[in-house]
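A closer look at the structure
Below, each chain spelled out in residue letters.
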Amino acid sequence: MHLWMHNKPGRKAPLGNMKWTCGGLSEQQGFGFPEVFSSCVNASVFPLLFAHESRAGLEYPCKAPSGLPRVSRSLEPAAVAPAAPRQREGLTMIQGKLRQLLPEAEVDPCTISALLCGSAAAVLVLKWVRRRRIQEKIEEARRWREQGLAQMEKAAHLFKQQNPGVQSSHILSLSLVELGEKLKEGSLSPESVLYTYMDKALAVTQEVNCVTDFISECEEQLKELRRQKEKGLLYGIPVSIKDHIGYKGHVSTCGLIHYLGSPEEDDSVLVKVLKRQGAIPFVKTNTSQSMINYDCSNVIFGQTVNPHNHKKSPGGSSGGEGALIAGGGSILGFGSDVAGSIRLPSSFCGLCGFKPTGYRLSISGLASPIDGMRSVSFMVGPIARDVDSLALCMRALLCEKLFSLDPTVPPLPFNEEVYSSSRPLRIGYYDGDGYFQPSPSMRRAVQETKVLLEQAGHTLVPFAPPRINFAVDELFTKGIFSDGVSTLLEKFEGDIVDPTLKSQINCYRLPILAKKILALLLKPVYPRIAGDLKALCGAGSVKNLWKQDVALAAYCKEFIAKWRKLQLNVILCPALGPAFNEGYPGKLFAATSYTNLYNVLNFPAGVVPVTTVTEADEERLKHYHGHYRDPWDKRLKQAVEGAVGLPVAVQCVALPWQEELCLRFMKEVETLARGRKREHV
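Residues numbered from 1 in each chain as written. Predicted model: local features only at pLDDT ≥ 70, side-chain atom pairs only at ≥ 80, totals over all residues. Heavy atoms only, no water.

**Here we look at the overall build of the protein chain**
Filter applied, for reference: A run of H or I in DSSP counts as a helix once it spans at least four residues, and a run of E counts as a strand once it spans at least two, with each numbered from the N terminus. Accessible area is worked out with a 1.4 Å probe on protein chains only. A residue is then buried under 20% of its type maximum, exposed over 50%, and partly exposed in between. The Shrake-Rupley method, run with a 1.4 Å probe, gives the accessible areas here. Residue values count only the displayed protein chains as cover.
Across its full length, the protein chain carries 24 helices and 16 strands. Out of the 681 residues in the protein chain, the part that is buried amounts to 56%. In the structure as shown, the protein chain presents an accessible area of about 29600 Å², 55% of it carried by carbon and sulfur atoms.

**A short note on unusual backbone geometry**
In this chain, Gly 316 is followed by Ser 317 through a cis amide linkage whose omega measures 10°. Inspection of the secondary structure assignment puts Ser 317 in the loop between strand E8 (302-303) and helix H9 (319-326). A cis amide bond links Gly 577 with the next residue in sequence, Pro 578, at an omega value of 0°. Along the chain, Pro 578 turns up in the loop between strand E14 (570-574) and helix H21 (593-600). At Trp 657, a residue that is not glycine, the phi angle is positive and equals roughly 70°. By the element assignment, Trp 657 lies in the loop between strand E16 (647-653) and helix H24 (659-680).

**Topic: the side chain of Glu 618**
Rules: Counted as positive: Lys and Arg. Counted as negative: Asp and Glu. His and the chain ends are not counted at all. One speaks of a salt bridge when a side-chain nitrogen belonging to Lys or Arg is within 4 Å of a carboxyl oxygen belonging to Asp or Glu. Between two residues, a contact is recorded if the distance between any of their heavy atoms is within 4.5 Å.
With respect to the helices and strands, the residue Glu 618 is situated in helix H22 (residues 615-621). Buried and unpaired, Glu 618 has Lys 312 as its nearest opposite-charge partner, separated by 6.8 Å. Once residues within four sequence positions are removed from consideration, Glu 618 is found in contact with Val 613, Val 640, Glu 641, Gly 642, Ala 643 and Val 644.

**Topic: the packing of helix H15 (residues 468-480) against H21**
Convention followed: Orientation is described by lines fitted to C-alpha atoms, with helices fitted over the stretch in contact, and by angles between N-to-C directions that extend from 0 to 180 degrees. By convention the crossing between two helices is left-handed if the near helix lies anticlockwise of the far one by an angle smaller than a right angle, and right-handed if it lies clockwise. Classification used: nonpolar for Ala, Val, Leu, Ile, Met, Phe, Trp, Tyr, Cys and Pro, charged for Asp, Glu, Lys and Arg, polar for all others including Gly.
In contact at an axis separation of 10 Å, H15 and H21 are set at 65° when each is read in the N-to-C sense. Between H15 and H21 lies a crossing of left-handed hand. Counting all contacts with H15, which are made through Ile 468, Ala 471, Val 472, Leu 475 and Phe 476, the residues of H21 involved are Ser 593, Asn 596, Leu 597 and Val 600. In the contact of H15 with H21, the residues fall into 7 nonpolar, 2 polar and no charged.

**Quick word on the sheet that holds strand E11 (residues 379-384)**
Our working definition: Only strands that DSSP links by at least two bridges are regarded as paired with each other.
Taken in spatial order, the 11 strands of this open sheet run E4-E6-E5-E9-E11-E10-E15-E16-E14-E12-E13, and their pairing is mixed. Two strands bound the open sheet, and with one partner strand each, they are strand E4 (211-214) and strand E13 (459-462). Pairwise comparison of adjacent strand axes, ignoring direction, gives a mean angle of 30° for this sheet. By the bridge criterion, 4 bridges tie E14 to E16 in an arrangement that is antiparallel. What sits directly across from Ile 571, in E16, is Val 653. Contacts from helix H11 (residues 387-397) reach strand E9 (332-337), strand E10 (352-355), E11 and strand E15 (605-612), with the element oriented near 140° to E11.

**Re the side chain of Asp 633**
Note the cut-off: In protein, a polar contact requires one atom able to donate a hydrogen and another able to accept it; more generally it is a pair of N or O atoms within 3.5 Å, and residues adjacent in sequence count only if both atoms are side-chain atoms.
Within the secondary structure layout, Asp 633 lies in helix H23 (residues 631-639). Residue Asp 633 is classed as buried on the basis of its relative accessible area, which comes to 1%. Side-chain polar atoms of Asp 633 contact the side chain of Arg 528, separated by 3.0 Å. Not counting chain neighbours up to four residues away, the residues in contact with Asp 633 comprise Phe 436, Arg 528, Tyr 624, His 625, Gly 626, His 627 and Tyr 628.

**Remarks on helix H14 (residues 440-455)**
For the record, the criterion: To estimate how far a helix should reach, multiply one less than its number of residues by 1.5 Å.
Helix length check: H14, at 16 residues, gives a terminal C-alpha distance of 23 Å against a target of 22 Å (1.5 Å per residue), a fit within 8%. Within H14 the residues assigned to the buried category are Pro 440, Ser 441, Met 442, Arg 444, Ala 445, Val 446, Thr 449, Lys 450, Leu 452 and Leu 453. Of the residues flanking the end of H14, it is Gly 457, one or two places downstream, whose phi is positive at about 100°.

Given below as C-alpha cells:
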C-alpha cells in the first residue's frame, strides 16, 4: 500500500502542508477516515497504517497525524504525478453519468450547481440544528446542576448559621464505624452530620469537579428518619452514589446526552435498601462518558481530576466517587464495576473498594449503555476509606429488605464468623499477569505485602493465571462487545464524543472488515494489539456466542481447578496503578487486564492501598519496556510517570460467594500495611 502526498508539481512537498489521500475508505462508507486514522494512531491501536489512493480520487486535506512513522522529505513529486490524469478521467465519468440520468435538454450546469449548493447548504443547516439541540441539552443539564449546588450551599450555610457550635472537623475525622456509633447513641445528630458533609462536598467539587447532582430529597428524608422507630445499621450516614444509580426524579445520564431529559420513575433497589437502613443519599457523582472507560470525563459535566494531583486521573468509571471520598466530601459511596470501575478509582485515589460476586447485591434500577450484555459480570459495590466501612456496608445491605425487593439475589446474610476469623490463610500470589508488565510500584506493592503476610504466619504460594491472553481477548473483550460494539455506538448517535474517549470510540467505529484486515496485518508485528482488534469484531452470530459461553465455563473450571490444586483460600495480585496522567486511560483500555479477569470469572475482589510511589520506583520506570515492547507498553510507561507520593494498592480475590472471606483478607492486608507505616514514621 502507498501513502500519496500531493503538492504543486516541481516542488518538494513540505510535510506540514501535505494532503493525505486515504484510499479505499471514504466518508460515504460510514466514518471520516483522517479523523479515525489520527485518533487510532494516537491510541496505539494500529500505529503503522498506509492507504491506497482513493478510487474516486478524493483528497482529504489534513495535517500529518501525530505519531505517524517518519516519511522522507526527499520524496519527489514525480512519484505522484499520475494522480492528475486519473482525477480528470473520474470527473469526466461523473459528468457522463449525470447526462445519462437526466434528459439532454435539462442538463444545465447552472441548475446542477445550484442543486448541489442547495443540498450542501441543507446538510450544513441540519448539522447546525442538531448541534444546537445537543448544546441546548448540555446547557440545561448544567443549569440543573448549578441550581442544585446553589440549593445545597444555601442549606449548608443556613444550618451553620443556626448551629455555630457544630464541630465539623471532628465529624469529618471520624471513621464510618465511629460515626455510626455516635449517631446511634445520640452524641451526634443526623442533621449535623449531613450538613457538615454537604458543606465539605461543595468544597471538594469546586476543586476537582466530582458532584453532578444534589439530591434535595435528602432534607425531607432527614425528617422522616426522626420518625423511624428502628435505627438501621447506617442510621444517619450520608452516602454518595454514582451517576447511573437510579434515584426517583433524577436523571441517570451515564455521561451521555442520550439519557438527558429522562428522570427515573422509581428508586433503584440499592437506594431503597440504603434508605431502609437509615442511610441518606445526598449527591450523585461524575462518571466517564458511557462508563466504558476508566477516566472520568464527559461532555455534559466535564473532567473530574484526582484530588492528590490535579494532573492525574481519578480513575473510572466511578471516578467521581473516588475523587469525592478521597477529598473528604463523602464517607461512603457506591460505584459499579464491569472491568474495574470500582477498584481502579480506589487504586488511583488511595481508597478501599469492593466488587462482590455478580448478583450478591441487586443491580435493578441501574442504567447501562450496554444493557443486555451478560457475558461479563457487572456489579455494584461500595468505596470507602477503610475495610471495616466496606464490611459494615455489606452487613447492612445483605438484609431481608434486599432479598424481598429483588428475589433474584440469593438470600445470603453477611457471615460474621468468616469475617471475624483469625485463622492463618493459604494465599496464592502473582506480581505480574503476563499480559501487561506491572509498573515498578505495582510489583513492589505485591512483593512487600507478601513478606508482611508471611511474617504474620500466613502461607504464600506462587500462582499464575492460566491463558491470560485468551481470557482478556476472547472472554473479556469479545464478551463485553459480543455485538461488535453496535449497542454502545448506538448511544453515541447524536452525541459529541468526549476527547478522553475519542481514540477508543473511533477504533470501535471501524468497520468489522477493516478491524479483521488490520488484525491480520498487525499480528506478526504487534500480536497483542492484533488480538484486541480481532476481539472487537464480536461473536458474529448467536452460535458463536453460545460457543463463547461454553469457553467461558471451561476457563472458569480450569481456573478453579488450579486454585484448588494449590489448596488456596484467597489470591493476592496487583491493582493497576499508580494514577494515570490525564487522557491515557482511553488509550489503554486493555490495561484493565488485572481487574477485568475477575469480572470474567465473577469472583469477588477488592483493593487496599498499601504504599506510595517512591523516587526509586520512578527511577526504575525509566528502564520499563513491557512484555511486548509495542505501543501499548510505551503508553503505559508514559501514563504512570510523575507519580511520586501517590498511593499504590494491591488486589485481594476470593472464590464466588465468599465476600466475607475476601473482606477478611483485605482487612488483614490493611492492618499489616498500616502497622508498617506507623513503624516507619
